[in-house]
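Here is how the chains run, residue by residue.
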2 protein chains.
Amino acid sequence: MTIRIGILGYGNLGRGIECAVKHNPDMELKAVFTRREPASLKILTEGVPVYSVSQIENFKDEIDVLVLCGGSATDLPRQTPEYVKWFHVVDSFDTHAKIPEHFAAVDKAAREHNKVAIISCGWDPGMFSLNRLYANCILPEGRDYTFWGKGVSQGHSDAIRRIDGVKDGKQYTIPVQEALEAVRRGENPELTTRQKHKRECFVVAEEGADLARIENEIKTMPNYFDEYDTTVHFITEEEMKRDHSGIPHGGFVIRTGSTGWEDENHHVIEYSLKLDSNPQFTSSVIAAFARAAYRFSQEGQSGCKTVFDVPPAYLSPKSAEELRSHLL
Amino acid sequence: MTIRIGILGYGNLGRGIECAVKHNPDMELKAVFTRREPASLKILTEGVPVYSVSQIENFKDEIDVLVLCGGSATDLPRQTPEYVKWFHVVDSFDTHAKIPEHFAAVDKAAREHNKVAIISCGWDPGMFSLNRLYANCILPEGRDYTFWGKGVSQGHSDAIRRIDGVKDGKQYTIPVQEALEAVRRGENPELTTRQKHKRECFVVAEEGADLARIENEIKTMPNYFDEYDTTVHFITEEEMKRDHSGIPHGGFVIRTGSTGWEDENHHVIEYSLKLDSNPQFTSSVIAAFARAAYRFSQEGQSGCKTVFDVPPAYLSPKSAEELRSHLL
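All values derive from a computational prediction rather than experimental measurement. (Residues numbered from 1 in each chain as written. Chains lettered and ligands numbered in written order. Predicted model: local features only at pLDDT ≥ 70, side-chain atom pairs only at ≥ 80, totals over all residues. Heavy atoms only, no water.)

**Considering the pairing of strand 2 (residues 27-34) of chain B**
All names here are of chain B.
In step 1: The buried fraction of strand 2 is high, at 6 of 8 residues.
In step 2: Of the strand pairs in this sheet, strand 1 (residues 3-8) and strand 2 are connected by 6 bridges, and their pairing is parallel. If you follow Arg 4 over to strand 2, its bridge partner there is Glu 28.
In step 3: With respect to chirality, the unit in which strand 1 leads through helix 1 (residues 12-23) into the neighbouring parallel strand 2 is right-handed. (Buried < 20%, exposed > 50% of the residue type's maximum accessible area, 1.4 Å probe, protein only. Helix = DSSP H or I, 4+ residues; strand = E, 2+ residues; numbered from the N terminus. Pairing = 2+ DSSP bridges. Right-handed = clockwise from strand over helix to strand, strands pointing away.)

**Observations concerning unusual backbone geometry**
In step 1: Cis geometry is found at the peptide bond from B:Asp124 to B:Pro125, where omega equals 5 degrees.
In step 2: In this structure, B:Pro125 sits in the loop between strand 6 (116-118) and helix 4 (127-138).
In step 3: Cis geometry marks the peptide bond from B:Gly149 to B:Lys150; its omega dihedral reads -5 degrees.
In step 4: Counting through the fold element by element, B:Lys150 comes out in the loop between strand 7 (142-148) and strand 8 (151-152).
In step 5: For A:Asn223, which is not glycine, the phi torsion reads 65 degrees and is therefore positive.
In step 6: The residue A:Asn223 is located in the loop between helix 8 (211-219) and strand 11 (229-234) in this model.
In step 7: One non-glycine residue with positive phi stands out, namely B:Ser120, at about 60 degrees.
In step 8: Relative to the elements of secondary structure, B:Ser120 occurs in the loop between strand 6 and helix 4.
In step 9: Note on B:Ser120: relative accessible area 0%, which makes it buried.

**What to know about the domain arrangement of chain A**
In step 1: Split by domain assignment, chain A resolves into domain 1 (1-122 + 277-325) and domain 2 (150-246).
In step 2: For domain 1 of chain A versus domain 2 of chain A, the distance between C-alpha centres works out to 33 Å. (Domains from an automatic or database assignment.)

**Considering helix 3 (residues 99-112) of chain B**
In step 1: An ideal rise of 1.5 Å per residue puts 20 Å on 14 residues; helix 3 of chain B measures up with 20 Å between its terminal C-alpha atoms.
In step 2: Where helix 3 of chain B is concerned, the buried positions are B:Ile99, B:His102, B:Phe103, B:Val106, B:Asp107, B:Ala109 and B:Ala110.
In step 3: Close packing links the buried residues of helix 3 of chain B with helix 11 (320-326) of chain A together with helix 2 (75-83), strand 6 and strand 14 (303-305) of chain B.
In step 4: Of the residues one or two after helix 3 of chain B, B:Asn114 is the one with positive phi, at around 55 degrees. (Expected span 1.5 Å × (residues − 1). Contact = heavy atoms within 4.5 Å.)

**What to know about the confidence of the model for chain A**
In step 1: Averaged over all residues, the pLDDT of chain A equals 97, while 100% of them reach at least 70.
In step 2: Quick note on the complex model: pTM equals 0.97, ipTM equals 0.97. (pLDDT = per-residue confidence, 0-100.)

**So, empty space enclosed by the protein**
In step 1: Applying the stated criterion across every chain yields a total of 3 cavities of 30 Å³ or more.
In step 2: Put simply, the largest cavity is a space of about 70 Å³.
In step 3: Taken together, 15 residues line the largest cavity, and the ones lying closest to its centre are A:Ala20, A:His23, A:Ser284, B:Ile138 and B:Thr259.
In step 4: Elements supplying a minimum of two residues to the lining of the largest cavity: helix 1 (12-23) and helix 10 (278-298) of chain A together with helix 4 and strand 12 (249-259) of chain B. (1 Å grid on protein atoms, 1.4 Å probe; cavity = no way out; pocket = protein on both sides within 12 Å on 5 of 7 lines; lining within 4 Å. Points joined across faces, edges and corners; volume = space filled by probe spheres on them.)

**Overview of the packing of aromatic side chains**
In step 1: Applying the stated rule across the entire model yields 17 aromatic pairs over all chains.
In step 2: Linked through ring pairs, A:Phe33, A:Tyr51 and A:Phe59 together constitute an aromatic cluster.
In step 3: Its guanidinium or amino end placed over the ring of B:Tyr228, B:Arg199 lies 4.0 Å from that ring's centre, counting from NZ or CZ.
In step 4: Positioned over the ring face of B:Phe296 is B:Lys305, at 4.6 Å from the centre of the ring. (Phe/Tyr/Trp six-rings, centres within 6.5 Å; stacked < 30°, edge-to-face > 60°. Lys NZ or Arg CZ within 6 Å of the ring centre and 35° of its normal.)

**Concerning the nonpolar core**
In step 1: Core analysis: the biggest nonpolar cluster contains 160 residues, and A:Ile5 and B:Ile5 have the highest contact counts within it.
In step 2: In contact with B:Ile5, not counting residues within four places along its chain, are B:Ile17, B:Val21, B:Met27, B:Glu28, B:Leu29, B:Lys30, B:Ala31, B:Ile63, B:Val65, B:Val67 and B:Ala290. (Core = buried A, V, L, I, M, F, W, Y, C linked by side-chain atoms within 4.5 Å.)

**Topic: the environment of A:Ile7**
Residues and elements named next belong to chain A.
In step 1: Position of Ile 7 among the secondary structure elements: in strand 1 (residues 3-8).
In step 2: Judged by relative accessible area, Ile 7 falls into the buried class, the value being 0%.
In step 3: Residues Ile 7 and Val 183, spaced 176 residues apart in sequence, show a C-alpha to C-alpha distance of 40 Å.
In step 4: If we skip the residues at most four places from it in the chain, Ile 7 touches Gly 14, Ile 17, Glu 18, Leu 29, Ala 31, Val 32, Phe 33, Leu 66, Val 67 and Cys 69.

**Things to note about the interface of chain A and chain B**
In step 1: Contacts between chain A and chain B engage 67 residues on the former and 67 residues on the latter.
In step 2: Buried area between chain A and chain B, summed over both chains or domains, comes out near 6,100 Å², and the portion from carbon and sulfur atoms is 65%.
In step 3: At the junction of chain A and chain B, the tally comes to 0 salt bridges.
In step 4: Counting across the chain A and chain B interface gives 29 residue pairs in polar contact (both at pLDDT 80 or more).
In step 5: Taken together, the elements giving at least two residues each to the side of chain A that touches chain B come down to helix 1, helix 3 (99-112), helix 4 (127-138), strand 12 (249-259), strand 13 (265-275), helix 10 and helix 11 of chain A.
In step 6: Among the elements that make up the side of chain A that touches chain B, the one with the highest residue count is strand 13 of chain A (11 residues).
In step 7: Considered class by class, the residues forming the side of chain A that touches chain B number 33 nonpolar, 21 polar and 13 charged.
In step 8: Where strand 13 of chain A and strand 13 (residues 265-275) of chain B come together, 9 bridges link them in antiparallel fashion. Considered in strand 13 of chain B, the bridge of A:Leu275 is made with B:His267. (Buried area = accessible area lost by both parts, 1.4 Å probe. Salt bridge = Lys/Arg side-chain N within 4 Å of Asp/Glu carboxyl O. Polar contact = N/O pair within 3.5 Å; in protein donor to acceptor, adjacent residues only side chain to side chain. Nonpolar A, V, L, I, M, F, W, Y, C, P; charged D, E, K, R; others polar.)

Okay, structure coming up:
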């Protein structure tokens, strides 16, 4: 059985889904939908059509799962409840604080139209959330730590680029190694924002710009940089292109906790990711959850779900017997 | 709602379950069942009775989930299908090669008696299996590595103790650091048994025993040691007691894989455990899955399941809303 996938939105994430479909033989890319002029868009997969999103309803019987590749700020809060009327959907909504609200809106629409939605797939929220949950259930007595990086923060890079005199900028979030080690040793440290992460910025300045002013504006920017130890490096456009064109990321979820009648035994559970490409890894997670959405739909289920609701076996193309024999 | 737990078998694992119940406020220990003389057994929880296993059927309406704490070699293949007639059960059956056979026997009995069983809970099989599955689904193109240790292998320690002239022995399995690092760097090494793990033995010899012979017998023992680089240390009884009375363990599950149209992006997913007490951590995992067994039973489900079939949210005492708000 082939799962027919549609993609809405062809940016880094959409292209990542396209690549993930290529890696999953039980999936087939049926169409890409875009808000841009369809003819302007050149996709990687030969023979797959690109349509205007205005035509999407016509494809409701030809697509099993529609993957929504818009942003969390304005696209997904509108798109996920809208398109779940016609399709089973998966999104990567990642504004943690607004998940309950998004869930409620999507759940209502999905139930009304007898469709399945899985929201907030990716690695955080997503795989990191799953690891927090498992570790919390195993060690009720304990403490959670999440470190991000080393990786590119799009939001912080954008903030740098908005500064007067900045031509280009890229920001890396980096976990503070000593903090990470203290956590791993089970010391249960109380860590301030500054003690957990540092920020490293690479900036291409416009000719004649006041570098000292730019550096100061970055380091003192409220919320983005002022609570962190930040270093700023001025580099050339060539260096930026050569050394900083990737979108790597990663991080660590650690729970330390105790067991025993008197809490005498200590344990460390750690999950970590080291990713060459943040959007491509996110897409690969989404593709696996698209399979789960399809499984749920085949069972006749409906409503909104999250990664917490998905039996892990539903993510795999392999049968339950195969999984028990080879992976358990 | 309190989940009423019964324990069958009061060794390290049974005691671990008892401690785990103490850490999970939604659980209550109802009774411990033993094949020994019940009066000879002193448990930690005040007011909880100990009964002979021969009386267990009488408690079928007073216990929600029975945790089977026997061994995988001879106890569980018989016990799990037997006791699932009267109780929802959880076990930690860990003979990987025989899981399909065990599953079939338990599934048949569980369905016949309308009960739920979750088998092979713990960390390997268990949490390591889950991490292998998730990582395989996310990165279909890739490679799995599992390293165990540093930790005590009961089987290898027993093998040492059977050697003539050995009074006591303890064996640690240790991952080879260079191999671990090569895997993490994404080099996809082909590793022989010897290249992955080494073995370190601590031996108390009987007075006058031939140490060179003992060391040689250990190092050349087929299956157990001959394929590994093994070091043997002779120590005193006092040193054994002082430095080697714990049962620590742990390990690493790593999958490296690629994404992208031309597999141009590389990723590393790593899960690791560092455990003061192997049986206590295993018990803590089992306790969480006992909660899932109870949830399944409340839904009216029956049959045998594994960790792959359990929606992660079922492991938690928290509501779906709470989990979405705080852990996603």
